Structures are given as structure tokens and as C-alpha cells.
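Examination of the molecular architecture
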Amino acid sequence: MLKKYEHIEALLVDATKEELYEKLIAQLNKDFALANIEESFSGDILPEMLKKELHAIVYQLIQEKFAEYLNVLYIMDVSEAKIKALDGSDVVELSGQVAFLILQREWQKVWFKNKL
């Protein structure tokens, strides 16, 4: 059964343990490409760097390319209710929380594809 995660680190540890981390990276890259975002992650990126880079990408999208940010959320099918529930007063904090929601959704897709 798919777990609920409190932190990005726990999600990334499970993805690595279940040998699905590379598929998680591939899913992120696929959805970024579908959303016409030119960013991508190398298949051998370490989990800590993935977390930092994804946070930075989300921050940049919110600050500079808001329409593309909304498109990414739509393409990845991140819950609108969860996004609206976040406190947007601190953009750095917000972008970290959104990065976590993105990873949760992408992990859900990868996990289900590999368990069915």
C-alpha cells in the first residue's frame, strides 16, 4: 500500500529502496517535457540534489513563469485543493512545499504503474 509521507526525504528513501528512484526521475522528466519546461534531471542525480534542484525550479517558475508553473501542476495532476491549502506568504517555503507535492504525485504514478 502506498504510504503517506511527511517529508521529501522519506519518499526518496522509499523510492530508492523499492528500486524505483530512476523511474521517478524519468516520470519527472517526462512531465516537465510535456509541460514544455526545459529542465530535466540526470538519471544518476542523488536524492538530496534532486530535492534542491526541484525546489529551485519550482521557485523560479513561481517567480518568473507563473503560467508555466500552473501548467506543470496541471500536467502532473497535483491536487488543486492541496496547493490552495498552502500558505503563500513566503515564496521560498511555498516552493519547497509545492516541490514535495510534485514528488508525492509523481511517486504515486510510478508506484502504481509498478505495483499493478
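Check the entry above for the structure.
In short, a report on the structure. Bear in mind the structure is a predicted one, so any value in this text is a computation, not a measurement. (Residues numbered from 1 in each chain as written. Predicted model: local features only at pLDDT ≥ 70, side-chain atom pairs only at ≥ 80, totals over all residues. Heavy atoms only, no water.)

**A few points about the environment of Leu 86**
- Mapped onto the elements of the fold, Leu 86 is located in the loop between α5 (80-84) and α6 (91-115).
- By relative accessible area, which is 22% here, Leu 86 ends up partly exposed.
- Beyond its immediate chain neighbours, meaning those up to four positions away, Leu 86 contacts Leu 94, Gln 97, Val 98 and Leu 101. (Helix = DSSP H or I, 4+ residues; strand = E, 2+ residues; numbered from the N terminus. Buried < 20%, exposed > 50% of the residue type's maximum accessible area, 1.4 Å probe, protein only. Contact = heavy atoms within 4.5 Å.)

**Some words on the packing of helix α1 (residues 8-17) against α6**
- Between α1 and α6, the shortest axis-to-axis distance is 10 Å and the interhelical angle comes to 25°. Taken together, the axis directions place α1 and α6 in an arrangement best described as roughly parallel. When the axes of α1 and α6 are compared, the crossing they make is left-handed. Counted together, Ile 8, Leu 11, Leu 12, Asp 14 and Ala 15 of α1 and Gly 96, Ala 99, Phe 100, Leu 103, Gln 104 and Trp 107 of α6 form the full contact between these two elements.
- Partitioned by chemical class, the residues of the contact of α1 with α6 number eight nonpolar, two polar and one charged. (Axes fitted to C-alpha atoms, helices over the stretch in contact; angles between N-to-C directions. Parallel < 35°, antiparallel > 145°, perpendicular 65-115°, else oblique. Left-handed = near helix turned anticlockwise from the far one by under 90°. Nonpolar A, V, L, I, M, F, W, Y, C, P; charged D, E, K, R; others polar.)

**Quick notes on helix α2 (residues 21-34)**
- Between the first and last C-alpha of α2 there are 20 Å, a value that for 14 residues agrees with the 20 Å anticipated at 1.5 Å per step.
- Inspection of α2 places Tyr 21, Leu 24, Ile 25, Gln 27, Leu 28, Asn 29, Asp 31 and Phe 32 among the buried residues, and these make up the whole buried set.
- On its buried face, α2 is in contact with α1, α3 (47-64), α4 (66-76) and α6.
- Positive backbone phi, approximately 60°, marks Asn 36, located one or two places after α2. (Expected span 1.5 Å × (residues − 1).)

**Comments concerning the packing of aromatic side chains**
- Evaluation of the coordinates by the stated rule reveals three aromatic pairs.
- For the ring pair Phe 32 and Phe 41, a centre distance of 6.0 Å and an interplane angle of 40° mean the geometry is tilted. Like Phe 32, the residue Phe 41 is buried in the burial classification.
- Considering the side-chain rings of Trp 111 and Phe 112, the 5.2 Å spacing of their centres and the 85° angle between planes classify their relative orientation as edge-to-face.
- According to the relative accessible area criterion, Trp 111 is buried, its value standing at 10%.
- By relative accessible area, which is 38% here, Phe 112 ends up partly exposed. (Phe/Tyr/Trp six-rings, centres within 6.5 Å; stacked < 30°, edge-to-face > 60°.)

**Regarding the layout of surface pockets**
- Each pocket or cavity is described by its volume, and for the largest pocket that value is around 320 Å³.
- Lys 3, Lys 4, Lys 82, Gln 104 and Gln 108 are, among the 15 residues lining the largest pocket, the residues nearest its centre.
- It is α6 that provides the largest number of residues to the lining of the largest pocket, a total of five residues. (1 Å grid on protein atoms, 1.4 Å probe; cavity = no way out; pocket = protein on both sides within 12 Å on 5 of 7 lines; lining within 4 Å. Points joined across faces, edges and corners; volume = space filled by probe spheres on them.)

**What to know about the packing of α2 against α3**
- Axis separation between α2 and α3 bottoms out at 12 Å; the angle between their running directions is 15°. By the angle class used here, α2 and α3 are roughly parallel. Pair α2 / α3 crosses with left-handed handedness. Facing Tyr 21, Ile 25, Leu 28 and Phe 32 of α2, the residues of α3 in contact are Pro 47, Leu 50, Leu 54 and Ile 57.
- Looking at the contact of α2 with α3, its residues break down into eight nonpolar, no polar and no charged.

Just distances and angles here, no functional claims.
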